[in-house]
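Examining the three-dimensional arrangement
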Amino acid sequence: MPTKVQEFNEYRQKMNGKILASDNKVIKRIFNLDTNAYAEGHLSVKTKELLGLVASAVLRCDDCIAYHLETAHKNGVTKEEMMETMSIATLIGGTIVVPHLRRAVEFWEALEKEV
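What comes next is a walk through the structure.

Calculation criteria
Residues numbered from 1 in each chain as written. Predicted model: local features only at pLDDT ≥ 70, side-chain atom pairs only at ≥ 80, totals over all residues. Heavy atoms only, no water. Patch = residues over 30% accessible without salt bridge, like charges linked within 9 Å, V, L, I, M, F, W, Y side chains within 5 Å. Areas by Shrake-Rupley, 256 points an atom, 1.4 Å probe, with all protein chains shown as cover. Salt bridge = Lys/Arg side-chain N within 4 Å of Asp/Glu carboxyl O. Helix = DSSP H or I, 4+ residues; strand = E, 2+ residues; numbered from the N terminus. Buried < 20%, exposed > 50% of the residue type's maximum accessible area, 1.4 Å probe, protein only. Contact = heavy atoms within 4.5 Å.

Observations regarding a nonpolar patch on the surface
Residues Ile-88, Leu-91 and Ile-92 make up a contiguous nonpolar surface patch of roughly 330 Å² in combined accessible area. Considering the arrangement of structural elements, one finds Ile-92 in helix α5 (residues 79-93). Note on Ile-92: relative accessible area 56%, which makes it exposed.

As structure tokens, then:
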């Protein structure tokens, strides 16, 4: 039985494939811009992923939160760093972010089990 993390990644990969197969130039450029924005630069990948996590939480995008959590986890973010990041997101976004915080912690726990 696939795990929560595997299900998320399989669905994301499947749908991204379908989206990119549409051969839409604007969508392809947006995907490419997103990929390049999170590459190593003046800011580390780890820092950029945590910034993305805050923005995604404030915008209340669970798919984006999961993506940034997984990439942050792969880049050595600790649970304490993730929780501090989510505390900032909750402060900025307000209590409406709390349900997304719950799901973020649940997804983080799933990531920890995968290691």
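Things to note about the environment of Val-54
As for its placement among the helices and strands, Val-54 is situated in helix α3 (residues 45-59). When the C-alpha positions of Val-54 and Ala-89 are compared, they lie 4.8 Å apart, and in sequence the two are 35 residues distant. Excluding residues within four positions of it along the chain, Val-54 makes contact with Thr-85, Ala-89 and Ile-92.

With respect to the pattern of salt bridges
Within this structure, the stated rule accounts for five salt bridges. Residues Asp-62 and Arg-103 are paired through a salt bridge, measuring 2.7 Å at the closest nitrogen-oxygen approach. Taken as a pair, Asp-62 in helix α4 (residues 62-74) and Arg-103 in helix α6 (residues 98-114) lie far apart in primary sequence, 41 residues in all. Judged by its relative accessible area of 38%, Arg-103 falls in the partly exposed class.

Some thoughts on the environment of Glu-114
Along the chain, the position of Glu-114 falls in helix α6. C-alpha of Glu-114 to C-alpha of Arg-12: the two residues are 102 residues apart in sequence and 18 Å apart in space. Ignoring sequence-local partners within four residues, the contact set of Glu-114 consists of Thr-3, Val-5 and Gln-6.

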